[in-house]
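Listed below are the residues making up each chain.
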Amino acid sequence: MDYRIDDSFVLPAGYGKAVRVRAGQRLRLTNPFGTQAIDFWAFLDRDTYEFISTDNFRSFHSTIFATTDTALVSTRRRPLVTIVEDTSSGKHDTLLCACNADIYRQLGVEGYHRSCADNMHEALGELSIKMPFTPSPVNLFMCVAVRADGSLDRLLPASKPGSYVVLQAEDDVVMAFSCCPQDVTTINGADRTPRDCGIEILTPVAGAA
Ligand SMILES: [Zn+2]
């Protein structure tokens, strides 16, 4: 199957974006520096109360890592999105919540700080979609390992510059992304600097083999 690029845009550092992706379309998310964590959600377009569920994902696949072998299942345990290509480190976090206002306050930030949770709601709002809560995201390009004693190890990002993932919609979905604005901890690299990423929407070319 061949694909054409229907649209492309920058996902600005620290900000979010939501986009409708039809069943069979793909979205390529590129990480130019390899250091940027991207929080990712997908909602069924006709019923946004069905969305990618990280707890169902872990139960369904018996793993904590989202990879090309593990479809991202919904709150009804149906595959909504599949990672069909991945040139990153290949293990995407499904354990940690989106960063939010309370986290930044607990980190000592005074005043408003952008967050992945706010970015998700802001991005969905641009499509006139309201969610009364923040589902747990799949944290693309983010490396969180579990030690033998059960504690978590937030590792530095391990992807090469220019790494990308290709996400295939298995139904008509709204994909939401947050280019994580975390600049207090090192989850976006040792220099604590969020960086732009790129998005391309890919549509199958009719009649292609
Ligand atoms: Zn974040």
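Scroll up to find the structure.
Presented here is an overview of the structure given in this document. (Residues numbered from 1 in each chain as written. Predicted model: local features only at pLDDT ≥ 70, side-chain atom pairs only at ≥ 80, totals over all residues. Heavy atoms only, no water.)

## So, helix 3 (residues 116-125)
- Residues of helix 3 that are buried: Cys116, Ala117, Asn119, Met120, Ala123 and Leu124. Considered in projection along helix 3, the buried side chains sweep an arc of 160 degrees and stay on one side of the axis.
- Against the buried residues of helix 3 lie strand 2 (16-21), strand 4 (38-44) and strand 14 (173-179). (Buried < 20%, exposed > 50% of the residue type's maximum accessible area, 1.4 Å probe, protein only. Helix = DSSP H or I, 4+ residues; strand = E, 2+ residues; numbered from the N terminus. Arc of directions from axis to C-beta. Contact = heavy atoms within 4.5 Å.)

## Considering the pattern of salt bridges
- By the definition in use, this model includes twelve salt bridges.
- Here Arg78 makes a salt bridge to Glu50, at a shortest N to O gap of 3.0 Å. With Arg78 in the loop between strand 7 (72-73) and strand 8 (79-86) and Glu50 in strand 5 (residues 47-51), the pair connects residues that are 28 residues apart, well separated along the chain.
- Judged by its relative accessible area of 29%, Arg78 falls in the partly exposed class.
- Taking the shortest distance from any N to any O, the salt bridge between Arg195 and Asp191 comes out at 2.7 Å.
- The partly exposed category is assigned to Asp191, whose relative accessible area is 42%.
- When salt bridges with common partners are traced through the structure, they connect Arg20, Arg22, Asp45 and Asp172 into a single cluster. (Salt bridge = Lys/Arg side-chain N within 4 Å of Asp/Glu carboxyl O.)

## Things to note about the coordination of the zinc ion
- Around the zinc ion, the protein supplies Cys99 (SG), Cys116 (SG) and Cys180 (SG) as donor atoms, at distances of 2.2 to 2.3 Å.
- Mapping the donors of the zinc ion onto the primary sequence gives the spacing C-x16-C-x63-C. In this pair, Cys99 sits in the loop between strand 9 (92-93) and helix 2 (101-106) while Cys116 sits in helix 3, placing the two residues 17 residues apart along the sequence.
- We classify Cys99 as buried; its relative accessible area is 7%. (Donors = N, O, S within 2.8 Å, 3.2 Å for Na, K, Ca; no water.)

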